[in-house]
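Observations on the model geometry
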Amino acid sequence: MIGYADDISIMGRTKRAISEVYGELKEREKEVGLNINIEKTKAMLQSRRPGRRGTLTVEDHDIEVVTRFKYLGMVLNDTMKKRKKLS
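Residues numbered from 1 in each chain as written. Predicted model: local features only at pLDDT ≥ 70, side-chain atom pairs only at ≥ 80, totals over all residues. Heavy atoms only, no water.

Moving on, we get to the environment of Glu20. Mapping Glu20 onto the fold places it in helix α1 (residues 15-32). On the accessibility criterion, Glu20 (43% relative accessible area) is partly exposed. Put simply, Glu20 and Val58 are 38 residues apart on the chain and 8.8 Å apart in space, counted from C-alpha to C-alpha. (Helix = DSSP H or I, 4+ residues; strand = E, 2+ residues; numbered from the N terminus. Buried < 20%, exposed > 50% of the residue type's maximum accessible area, 1.4 Å probe, protein only.)

So, in structure tokens, the structure goes:
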């Protein structure tokens, strides 16, 4: 998990790993004053087999699994081999 201010990214090699970290974050969100917006939440699996998509179900919420996303001006992908900085 990486975070900056209120922008948090959870990445993992399996859906289970992502789900476990999300569960821990969800338990602590009230303690630190966070409010997780499930509609804006996405998941990304890091793997040598890129392109795995679908959904991840966590606590009765379906989270879209994406192959890349923008985080703090950087485009991250599911293999983490190519990084492209956005201007």
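Text resumes after the structure shown.
The strands that make up a sheet are held in pairs by hydrogen bonds between backbone atoms, and each pair lies either parallel or antiparallel. Within the open sheet, the four strands sit side by side as β3-β4-β6-β5. Their pairing is mixed. Because the sheet does not close on itself, it has two edges, and the strands there are β3 (11-12) and β5 (54-58). Of the pairings in the sheet, the one linking β5 to strand β6 (residues 61-65) comprises five bridges and is antiparallel in character. Among the inter-strand pairings, Gly54 is bridged to a residue of β6, identified as Val65. Along the sheet, α1 makes contact with β3, β4 (42-45), β5 and β6, crossing β5 at roughly 40 degrees. (Pairing = 2+ DSSP bridges. Contact = heavy atoms within 4.5 Å. Axes fitted to C-alpha atoms, helices over the stretch in contact; angles between N-to-C directions.)

To continue, consider the pattern of salt bridges. In this structure the tally under the stated criterion is three salt bridges. We note a salt bridge from Lys26 to Glu29, for which the minimum N-O separation is 2.9 Å. Within this pair, Lys26 and its partner Glu29 are both found in helix α1, separated by three residues, close to a single helical turn. Using a relative accessible area of 25% as the deciding quantity, one classes Lys26 as partly exposed. The buried category is assigned to Glu29, whose relative accessible area is 4%. With a shortest N-O distance of 3.2 Å, Lys42 and Glu64 are connected by a salt bridge. Separated by 22 residues along the polypeptide, Lys42 in strand β4 and Glu64 in strand β6 bring together distant segments of the chain. A relative accessible area of 42% means that Lys42 is categorised as partly exposed. (Salt bridge = Lys/Arg side-chain N within 4 Å of Asp/Glu carboxyl O.)

Within the largest apolar cluster, 12 residues are counted, these being Ile10, Ile18, Tyr22, Leu25, Ile36, Ile38, Ala43, Leu45, Leu56, Val58, Ile63 and Val65. For this core, the elements supplying multiple residues, two or more each, are α1, β4, β5 and β6. The biggest single contributor to this core is α1, with three residues. In this structure, Ile63 is in contact with Ile38, Thr41, Lys42, Ala43, Gly54, Thr55, Leu56 and Val58, ignoring residues within four places of it in sequence. (Core = buried A, V, L, I, M, F, W, Y, C linked by side-chain atoms within 4.5 Å.)

Even without a glycine there, the phi angle at Leu72 is positive, about 50 degrees. Here Leu72 lies in the loop between β7 (68-71) and β8 (74-77).

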